[in-house]
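# Structure assessment
Next come the chains, spelled out residue by residue.
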Amino acid sequence: MAFVSEVHFRGTGVANSGEFVEITLGPDDDPADFVVSVYDDDGTLHTGAGIAGGEVNLGTLTGTPHPDNSDFTIYTIPVGLRNAASDANEGSGIALTNIDTDTVISFYSADNISAFTVTEGAADGATSESILEHTDIAVGESYQWDIFGNLTFETIESGDSVLCLAGDTRVRTERGGLHAKDLVVGDMVWTVDHGFQPIQWLGKTELSAEYLSRNPKQQPITLMKDSLALGFPQSDLTVSRQHRVLIASPVAERMTGEYEVLVPAVKLLEAEGIETRVPDDGVTLVHVLFDQHEVISAEGALVESLMVTDHVNAKIHGEHLGGRTKDGPARMIVDNKRAKQLVSRILKNQRPLFETRLRQISGANAA
């Protein structure tokens, strides 16, 4: 289940200036079976972008454990990429190929040039998927996919984790408020849209305080009591940086046409009472999967569940998905600069980040 897990545009436009591509392999993958190739927009291998000869076999590299699941391994490859036609130092496309099965797993290229078909290298004959755009992404930011297939854009470092609740977070269930780390598959969890729904799958990751101190981009976000609005959350709530929180506001409605939107926790740091915090004893991160993407109650605030976004999820969760390969988001997702603008406007108008308007939301912090 190998996949491209990050495309990082952080360099100065010169090969080996800090840009890289990250590949994640599953526990049963043989690194010698996988080749990463960088391409010129004319379909030929790009030999000046940082990968000698234009491609590299992962079997020649040393990987590191993935923070979401130590059974997965990350390989980081310095390479220059750009969101335009190639130049002498940067390519326009990156491909991951399983040479054992002769299968091109992923092939991403710049979005402001036409998709192109390659004529040499491990991905010979494949046509790119033109999605890479970083005109509005500052130097130092990237595309990143976690092992659950979630895509995010953030100033992030190699191996960041995405979309989890802290283990000591109380989640509203049919049996009352249960800590996320104590949930089990089949527990009936309250959702805003569909009442109580059974958990289909749970994932857990342990991160020590020492690890978090050494990796600031992994440090979770704590929303202190009442930081969204009076009673929301009811107690301090800790989530991973990219875990999305429901914002309900007339300001959101004016900006997006939707009164309720989902915003990554890291974009809320401008608000009083929301901060990065390293727990003294580390943190257990919990992923919760339902039959579909849901909004659930955590410490009385409303946050998202794990969202199935692509084939990566299907490969990981397998029997838990029943043929489903992608979720529609439970609410509009607002990210990047737009999220920052939304939060800034709400705070400038001296309004809370969460203003209840709908009847069922009032049940969010019922015990």
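Placed above this text is the structure.
### Focus: the nonpolar core
By size, the foremost hydrophobic cluster in this structure holds 49 residues, and its most contacted members are L165, L223, L228 and L268. When sequence neighbours within four positions are dropped, the list of residues in contact with L223 reads L228, P233, S235, D236, L237, V239, V245, L268, G273 and I274.

### With respect to the sheet that holds strand β4 (residues 55–57)
Spatially, β4-β3-β7-β8-β9 is the arrangement adopted by the five strands of the open sheet, whose pairing is mixed. Edge positions in the sheet fall to β4 and β9 (129–132), since each of these pairs with one other strand and no more. If you compare each strand with its neighbour and ignore which way they point, the axes differ by 20 degrees on average.

### Some words on the packing of aromatic side chains
Throughout the structure, instances matching the rule amount to three aromatic pairs. For the ring pair F232 and F354, a centre distance of 4.6 Å and an interplane angle of 40 degrees mean the geometry is tilted. Within this pair, whereas F232 is found in the loop between β18 (221–223) and β19 (237–239), its partner F354 is found in the segment after α4 (336–348), the two being separated by 122 residues in sequence. Here F232 falls in the buried class, since its relative accessible area comes to 9%. Pairwise contacts between aromatic rings join Y39, F107 and F116 into one cluster.

### Brief notes about the environment of E275
Looking at where E275 falls in the secondary structure, it is placed in strand β22 (residues 274–276). For the pair E275 and L223, spaced 52 residues apart in the sequence, the C-alpha separation amounts to 6.7 Å. Each residue touching E275, except ones within four places of it in the same chain, is listed here: P220, I221, T222, M224 and L269.

### Quick notes on the pairing of strand β24 (residues 295–298)
What you see with β24 is no split at all: V295 and S297 on one side and I296 and A298 on the other are buried throughout. As judged from the four bridges shared by β24 and strand β25 (residues 301–304), these two strands associate in the antiparallel manner. Residue pairing across strands places S297 opposite L302, the latter belonging to β25.

What counts and how
Residues numbered from 1 in each chain as written. Predicted model: local features only at pLDDT ≥ 70, side-chain atom pairs only at ≥ 80, totals over all residues. Heavy atoms only, no water. Core = buried A, V, L, I, M, F, W, Y, C linked by side-chain atoms within 4.5 Å. Buried < 20%, exposed > 50% of the residue type's maximum accessible area, 1.4 Å probe, protein only. Contact = heavy atoms within 4.5 Å. Pairing = 2+ DSSP bridges. Helix = DSSP H or I, 4+ residues; strand = E, 2+ residues; numbered from the N terminus. Axes fitted to C-alpha atoms, helices over the stretch in contact; angles between N-to-C directions. Phe/Tyr/Trp six-rings, centres within 6.5 Å; stacked < 30°, edge-to-face > 60°.

In short, the description is geometric, and any link to function would need to be established separately.
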